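Descriptive analysis of the structure
Residue strings, one per chain:
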Amino acid sequence: MKGSPIKKIGVLICHCGKNIAGTLDIPELIRGAAALPDVAFAGDYKYMCSQPGQELLKEKIKEFGLNSVVVAACTPNLHEPTFRKAAAEAGLNPYCVEMANIREQCAWVHQNNGHSATEKALQIIAMMVKKVAQNSPLFEASIPIVKRALIIGGGIAGMQAALDIADAGYEAILVEREPSIGGHMAQLSETFPTLDCAQCILTPKMVSIGSHPRIRLLAYSEVRGLEGYVGNFKVKIERKSSGVDWDKCTGCGICMEKCPTKVPGEFDRGLGKRKAIYTPFPQAVPNKPVIDKANCLYYKKGVCRICEKNCEARAINFQQEPQIIEEDVGAIVVATGYDLYSTENLGEYGAGEIPDVIDSLAFERLLSASGPTSGEVRRPSDGKIPKSVVFIHCAGSRDPEKHKPYCSRICCMYSTKQALLYKHAVHGGQPYLFYIDIRSGGKNYEEFVERAQSEGVIYTRGKVGRVYQEGDKVIVQGVDTLLGKPMKIEADMVVLAMAMQPQLTTPELRRILKITTDIHGFWTEAHPKMNPLGTTTRGIYLAGCGQAPRDIPDTVSQASGAAGKVIGLFSQNELPLDPMTVYVEEDLCAGCGLCVAACSYEARSLDPQKRIVLVNAALCQGCGACMIACPNGATIHKNFSRKQILNMVDVLT
Amino acid sequence: MLKEKGGLSYNTKMEIETMDIKSEFAERISEISGANLFKCYQCGKCSAGCPMAESMDILPNQIVRLAQLGQWDEIQNSNTPWICAACLACSVRCPRGIQIAEAIEAVRQICLRNRNSERRLGLSDEQIKELPPIAIISAYRKIAE
Amino acid sequence: MTKLLYYPGCTLKADAQHFEESAMCALKELGFELQELERWNCCGTVFSLATDNTMFHLAPLRNLLRTREEGGDKLFTLCSMCYNTLKRANKLFNEDPEKNDKVRKAMYEEAIAYDGKTQTLHLLSLLRDEVGFDTLKNKIGKGLNGIKLAPYYGCMLLRPDGLGVDNMEHPRVFEDLIRAMGAEAADFPFRAECCGSYQTAQQPEIVAERTRLIIGSARKCGADAVAVSCPLCAFNLDQRQAIAARLHSDFELMPVLYITECLCLALGIEFKEPWKAFHYAPVDAVIRKMEKKA
Amino acid sequence: MAKEFEPKIVGFLCNWCTYTGADLAGTSRIQYPPHVRIIRVMCSGAVDPAYILKALLDGADGIFIGGCHPGDCHYLTGNYKARRKMVLMKSVLETLGLEPERLWFRWISASEGQKFADSMTEISEEVKKLGPNPIKEYWNV
Ligand SMILES: Cc1cc2nc3c(=O)[nH]c(=O)nc-3n(C[C@H](O)[C@H](O)[C@H](O)COP(=O)(O)OP(=O)(O)OC[C@H]3O[C@@H](n4cnc5c(N)ncnc54)[C@H](O)[C@@H]3O)c2cc1C
Ligand SMILES: Cc1cc2nc3c(=O)[nH]c(=O)nc-3n(C[C@H](O)[C@H](O)[C@H](O)COP(=O)(O)OP(=O)(O)OC[C@H]3O[C@@H](n4cnc5c(N)ncnc54)[C@H](O)[C@@H]3O)c2cc1C
Ligand code: SF4
Ligand code: SF4
Ligand code: SF4
Ligand code: SF4
Ligand code: SF4
Ligand code: SF4
Ligand code: SF4
Ligand code: SF4
């Protein structure tokens, strides 16, 4: 660089025992290296990475006043940190140390060709000497971290993540779109494979969320905007207008009792009724009602106001406006969960029009003690107790042609559970399951299926072709592929194990968070194996069924994992930044913006006043794409500059 | 019992050698029908919705399986291709997008072209008088040489 | 009067003359005149499903070409099977370059080359898209109020996906038409179940079993009659009742009417006496009931 | 005996996949010809066409660019950017009167040591067949 002091470069060549010295001619390399421009010292050692080797490095730095070093040894992937650390200990900026890879990419791969290999090694050393000559000392910056997490989605995934983070001593903001947290787990009856009651294990957690001193629960709210980067996000949250002032509301429930308007309730999948002012279910947290404006008589026609008259706390506020609040957070956990694929998509199974053909969540409500039938299995059409129930697996799953190509992973298990619970609930009732394969890969899952089979649940291997109504029966036209026989069952009721799909609102949230989804709309993890909890944006993590279908144990594990990532991040006081980023020569930048489009990390933005581009060091990942995109040479990748690379090319040609 | 139903007799007659699998026969069907039978995962939805299944000795999904394994004899001796009404219910519902009706047409075509089936409609004058032209012509098209 | 180039197909000139005649009467009332193609040939009835049977597609394509020769771009059909065959042949012609090439070469002797632009139109689509069920309803008024008809689509009106007149698994058009005529549409689960098609020639007993099932289902859902739009369906569901009745003493006959016969009645057009003779299951009673309503 | 033509090939390898794959070839001691000299870049998307041109004008006989497999780029889409540039570069080479076969682009992951070594052998042989970079000739005179 301009004005930089005279280069004094040291070259240290490692024998690596016989690994390098066995093939390459070390004295020749020392001779060659010593003759290179700017090289003040060239020497060798048997094992550079050993303690004495590192000491030698430090010694030579001091002895010759070296301001750059090339260690010719193994791959930088192995010992670059070792030598950089040693150099730092001797007072040299670690970024002025480079490695010449003469082991993996030379000695080892040309073992029978010592002469050419030595020639090549010398070129590699020369190339790195030329590069290091233009390295700049770099200094690791760091950014402060806001130690507060945002969790989006209040199902079991979001709840678990919030509790883990809060219990570790950090603040958590939990944003739930619905009036209550709990998610789908709150709708379940009992859970496989242990058959413990979902409400019983969920409710205490919901209560702890509601009362935790470090959790701020924002129910009936949605994220509307996000800016910033890891450690320093700014989030906009809309608190939707509920028509009820929750600060005043005592949760007495009188309003719901008195409201004259009844509509089918979403929580009971339309099988039960709720009022126009409602909480989704009695154990709701927060236990405060909202007004369903589409059905409330006052909002629709301007009459009624019965709730208002009866509310002693004067909490009803029909004029309530939605409110936008802004929060600073350091990390985000996305736990938006799933929806079931709609039965309307399955024309051959009645397209959602046969009353006694219902989806699996509706059946959970029929089995649930707190459900619309108080846990008695009664079919929707006429309230009769069904004597035979057919469960159809893979309804919409594993069907790349028309529906979802993936396996929804949990429906084999919950269908088994539902069949078993039904059999326990209805004396003499016969469950039939139509499956293609039974997928029971989980702890104690196969044992659970075995139990159902031995208790007389009839499993038929074959996919159902048609379901139709005939009189008060539902006819199921299937096949037993093991016998090779078509079969027809006159059932009282049919339960469709519908495919799991991501929330339909995911695309909207994706635009806000700027993280990616797969073609089905499930959130994409940073790496399927090595980083399944992270996303491509640092500081945003995933948990629960929004990422892929999974059951409660897996959801909870993943949520705790995501929380662990957040806690790990928050355990640092400052976030060190990799200094190997890019900078912009302001004088050269024309503000054309070509580099902005080239950056996959939104690390660059145009400064409209100065008409130049700005780099956000916290977001820059150091890929170098912008440097290539810049027509003016204004963007420079630190220690990977165009000039340095062209110099290396020079040495090689 | 399986034997009575028709040609299905895995454990007695059918010997599968590795060489047989993906036989030229399956490829021939694929060629004529455009259907990739190897995508079939034997869910049986084709058979479950087939209006003629009750009268078939081998179900459509079994035809697909036999074809995968190159068991031409079993298929050729089956009544299934000659009972199928080409209604397409199977093809339009197959989760893997396999055109089963088309594959069965291919089986018919191979039989008819080999002329080893001696397929004649052999309609009596009376029948010809009774049947509408649409029935006669389409029957000739599908099931006779 | 809008003129429609019309392709009858072989059966409408033989066993289904009443289908054609009733369609003409009803459509005239609605402002359409059917103008038969001057030259037409049998479409080959069923569409060949084999990829190497290109020659089978010549017959339908020639009819589509005739349409162009006569200056039309739409060809109207009544028979569902013709509709299916013509429409699929055209799709193949337009989407499969290899077939297109072969077919073009095979039709070298034709005066003009076919350009793939003839659209096949079925009666049900015409009534839905060009007449409109609301218009129809206004015109008909109370119509067949009190009558319950079971709409029978069969297979060729709906399959394969995307080529049919409506959603394949969950069609509505036939029901909507019935309702526009003032009648009630039976919720008829067998509406798209194949009748056995051409197997009627070789396997009449199997087809009679299908008939028994389908008719039985129509009866269970309280239909006065089954409405059809295909002469093969009509034959199987109606004439094959004879065998069903012979084999099952408890089988009860059920009238099977072309949708156009119903439409005539709804529009107050007289049900012609000769049409009755084409029916196997007696239609007198139901026609009287329908006439009274209309 | 005339000295056999030893081609000079410059390789640009992305740090995350191909460079690590080259290391693996070494750890596995898979032997290949020594003609390719490797420059480590952070991402194949950061290989400027100027680097390639300079290398060729300076007399390199071949260029090898290695990146992560589609969908595996450490920086999300750098390798797609690289691929687009390579297609362009090939036509640029043609206008320069160079065989486009001198420019190689391969997806090689960190675990594909063998594939890396095979690619080195292949490119060495192919470039040998093409002979010395003709630009070297008319540049020198
Ligand atoms: C019929 C059925 C039976 C089952 N039985 C069992 C069983 O027996 N055992 C078992 O282990 N598992 C069972 N499961 C699976 C279980 O339901 C899931 O594993 C679990 O509920 C997943 O939790 P989650 O938090 O990821 O998602 P959800 O429960 O779907 O929670 C997501 C939450 O996020 C909220 N949300 C979504 N989008 C937003 C947004 N943009 N902003 C704010 N909030 C948002 C939603 O309102 C919801 O509250 C069953 C599933 C079904 C369908
Ligand atoms: C044939 C096969 C193929 C597979 N293929 C895939 C695949 O393609 N994709 C995939 O995702 N998964 C695959 N897996 C699964 C994968 O191997 C496991 O998920 C993963 O390795 C589990 O890692 P682990 O750390 O839990 O256990 P392990 O890999 O078993 O590691 C446990 C470690 O603990 C050590 N240890 C044990 N006891 C003690 C002790 N008392 N004290 C100290 N150390 C101890 C062991 O020595 C061992 O190093 C495959 C598994 C098999 C068998
Ligand atoms: S009556 Fe008032 S205080 Fe009681 S629940 Fe309703 S809004 Fe809340
Ligand atoms: S105003 Fe609306 S919410 Fe209140 S009681 Fe009336 S209908 Fe119910
Ligand atoms: S879990 Fe079972 S029922 Fe669900 S999609 Fe997979 S195989 Fe089908
Ligand atoms: S044990 Fe392994 S092979 Fe067997 S069913 Fe389970 S996952 Fe499949
Ligand atoms: S180096 Fe990569 S991440 Fe950094 S600003 Fe440039 S393009 Fe963006
Ligand atoms: S491409 Fe270069 S000149 Fe253009 S805005 Fe980016 S840095 Fe500035
Ligand atoms: S429906 Fe398709 S996948 Fe299923 S058995 Fe039939 S051919 Fe195979
Ligand atoms: S096309 Fe043939 S095999 Fe397929 S459903 Fe119809 S009758 Fe059955």
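Throughout what follows, the structure given in this document is the object of discussion. Quick caveat: nothing in here was measured; it's all calculated off a predicted structure. Position numbers for residues start from 1 in each chain and track the written sequence from start to end. Labels are handed out in written order, letters beginning with A for the chains and numbers beginning with 1 for the ligands. For a predicted model such as this one, the threshold for reporting local features is a pLDDT of at least 70, and the threshold for listing and counting side-chain atom pairs is 80 or more; totals across whole chains, interfaces and linings nevertheless cover every residue. Derived side-chain values reflect all non-hydrogen atoms in the structure, with water molecules and hydrogen atoms excluded from consideration.

A few points about the overall build of chain D
Across its full length, chain D holds five helices and four strands. Numbering goes from the N terminus for both helices and strands, where a helix is a DSSP run of H or I of at least four residues and a strand is a run of E of at least two. Each helix (α) and strand (β) of chain D, taken in turn from the N terminus, gives the series β-α-β-α-β-α-β-α-α. A compact globule built from 141 residues would reach a C-alpha radius of gyration of about 14 Å, and chain D, at 15 Å, matches this within 12%. Structurally, chain D occupies a C-alpha span of about 45 × 35 × 20 Å along its principal axes. Buried residues in chain D amount to 54% of all 141 residues. Surface summary for chain D: the accessible area is close to 5900 Å², and the carbon and sulfur share equals 59%. As used throughout, the charge tally considers Lys and Arg to be positive and Asp and Glu to be negative, leaving His and the chain termini uncounted. Every charge is mapped to an atom, namely NZ of Lys, CZ of Arg, CG of Asp or CD of Glu. Both charge centroids of chain D, one from 17 positive and one from 16 negative side chains, sit 5 Å from each other. With the radius of gyration taken over C-alpha atoms, the globule rule is written as 2.2 Å times the number of residues to the power 0.38. Burial here depends on accessible area, computed with a 1.4 Å probe over protein chains only, as a share of the maximum for the residue type. Under 20% is buried, over 50% is exposed, and the range in between is partly exposed. We get accessible surface area from the Shrake-Rupley algorithm with a probe of 1.4 Å; when it comes to residues, only the shown protein chains can shield them.

Focus: the side chain of Arg-40 of chain D
Relative to the helices and strands, Arg-40 of chain D resides in strand E2 (residues 36–41). For Arg-40 of chain D, a relative accessible area of 16% puts it in the buried group. For this analysis, a polar contact is any N or O atom pair within 3.5 Å, provided that within protein one partner can donate a hydrogen and the other can accept it, and provided that sequence-adjacent residues contribute only side-chain to side-chain pairs. A polar side-chain atom of Arg-40 of chain D sits 3.3 Å from a polar atom in the side chain of Glu-80 of chain A. A polar contact of 2.9 Å, which involves the side chain of Arg-40 of chain D, links it to the side chain of Asn-15 of chain D. We call two residues in contact whenever any of their non-hydrogen atoms come within 4.5 Å of each other. With near-sequence residues (within four places) excluded, Arg-40 of chain D lies in contact with Pro-76, Glu-80 and Phe-640 of chain A together with Leu-13, Asn-15 and Tyr-19 of chain D.

A few points about the interface of chain D and chain A
Facing 42 residues of chain D, the contacting portion of chain A comprises 39 residues. When two components associate, each loses some accessible surface as probed by a 1.4 Å sphere; the sum of these losses over both components is called the buried area. When residues of chain D are sorted by the area they lose upon contact with chain A, Arg-37, Arg-40 and Tyr-51 of chain D head the list and together hold 18% of the total. In what follows, salt bridge is the name for a side-chain nitrogen of Lys or Arg lying within 4 Å of a carboxyl oxygen of Asp or Glu. The interface formed by chain D and chain A holds three salt bridges in total. Between Asp-650 of chain A and Lys-54 of chain D there is a salt bridge whose closest N-O contact spans 2.9 Å.

A short note on the interface of chain C and chain B
Facing 42 residues of chain C, the contacting portion of chain B comprises 39 residues. Overall, the association of chain C and chain B removes approximately 3400 Å² of surface from exposure, summing both partners, and the carbon and sulfur fraction of that is 62%. Taken as a group, Leu-49, Tyr-198 and Ala-201 of chain C account for 20% of the area that chain C buries against chain B, more than any other trio of residues on that side. Along the contact surface separating chain C from chain B lie four salt bridges. Between Arg-88 of chain C and Glu-102 of chain B there is a salt bridge; the shortest N-O distance is 3.9 Å.

Brief notes about the state of the cysteines
Residues and elements named next belong to chain A. The definition used for a disulfide is geometric: two cysteine sulfur atoms within 2.5 Å. A full pass over the atoms with the stated rule returns two disulfides over all chains. Note that Cys-197 is cross-linked by a disulfide to Cys-200, the S-S spacing being 2.2 Å. Between Cys-197 and Cys-200 the disulfide shows an S-S torsion of about 90 degrees. By sign, it is right-handed. On the accessibility criterion, Cys-197 (24% relative accessible area) is partly exposed.

Considering the site of ligand 10
Residues and elements named next belong to chain B. Lining the immediate environment of ligand 10, one finds 14 residues, of which Cys-50, Cys-84, Ala-85, Cys-87 and Cys-90 sit closest. Elements that contribute at least two residues to the shell around ligand 10 include exactly helix H7 (89–93) and helix H8 (100–114). Gly counts as polar in this scheme, as do all residues outside two lists: the nonpolar Ala, Val, Leu, Ile, Met, Phe, Trp, Tyr, Cys and Pro, and the charged Asp, Glu, Lys and Arg. Counted by class, the shell around ligand 10 contains 14 nonpolar, no polar and no charged residues. Here a residue counts as near a molecule or strand whenever at least one of its heavy atoms sits within 4 Å of it.

Topic: the arrangement of the chains
One finds no contact between chain B and chain D; the C-alpha atoms of the two approach each other to within 25 Å at their closest. Left apart from each other, chain C and chain D have a closest C-alpha approach of 30 Å.

Details of the environment of Phe-233 of chain A
Residues and elements named next belong to chain A. Examined against the element boundaries, Phe-233 turns out to sit in strand E12 (residues 232–239). Taking the relative accessible area as the measure of exposure, Phe-233 reaches 1% and is therefore buried. C-alpha separation for the pair Phe-233 and Tyr-445, spaced 212 residues apart in sequence, amounts to 41 Å. Residues within four places of Phe-233 in sequence aside, it is in contact with Leu-226, Glu-227, Gly-228, Glu-327, Asp-328, Val-329, Gly-330, Ala-331, Ile-332, Arg-538, Gly-539 and Ile-540.

Section: the environment of Glu-344 of chain A
Residues and elements named next belong to chain A. Position of Glu-344 relative to the elements: it lies in the loop between strand E19 (338–340) and strand E20 (357–359). Classification of Glu-344 by relative accessible area gives exposed; the value is 59%. Sequence spacing of Glu-344 and Arg-439 is 95 residues, and the spatial spacing of their C-alpha atoms is 25 Å.

Structural notes on the sheet that holds strand E1 (residues 9–14) of chain D
Adjacent strands of a sheet pair through backbone hydrogen bonds, lying either parallel or antiparallel. All names here are of chain D. Strands qualify as paired when DSSP identifies two bridges or more between them. The strand order across the open sheet formed by four strands is E2-E1-E3-E4, and the pairing between neighbours is parallel. Strands at the two margins of the open sheet, each flanked by one partner only, are E2 and strand E4 (103–107). If you compare each strand with its neighbour and ignore which way they point, the axes differ by 20 degrees on average. For E1 and strand E3 (residues 62–67), the ladder comprises five bridges, and the chain directions are parallel. Its bridge partner being in E3, Phe-12 is matched across the sheet by Ile-65. Only the stretch in contact is used when fitting a helix axis, every axis being a line fitted to C-alpha atoms; angles between N-to-C directions are given from 0 to 180 degrees. Packing of helix H2 (residues 49–57) onto the sheet brings it into contact with E1, E3 and E4, and relative to E3 it is tilted by some 155 degrees. Against the sheet, helix H3 (residues 78–95) engages E3 and E4, with an angle of about 160 degrees to E4.

What to know about the sheet that holds strand E18 (residues 331–334) of chain A
All names here are of chain A. Here we have five strands laid out as an open sheet, ordered E10-E7-E6-E18-E29, and parallel in their pairing. The open sheet has two edge strands, strand E10 (215–218) and strand E29 (540–542), and neither has a second partner. Here the strands of the sheet are splayed against their neighbours by 20 degrees on average, with no regard to which way each runs. Looking at chain direction, E18 and E29 are connected through three bridges and run parallel. Looking at E29, one finds that Ile-332 is bridged to Ile-540.

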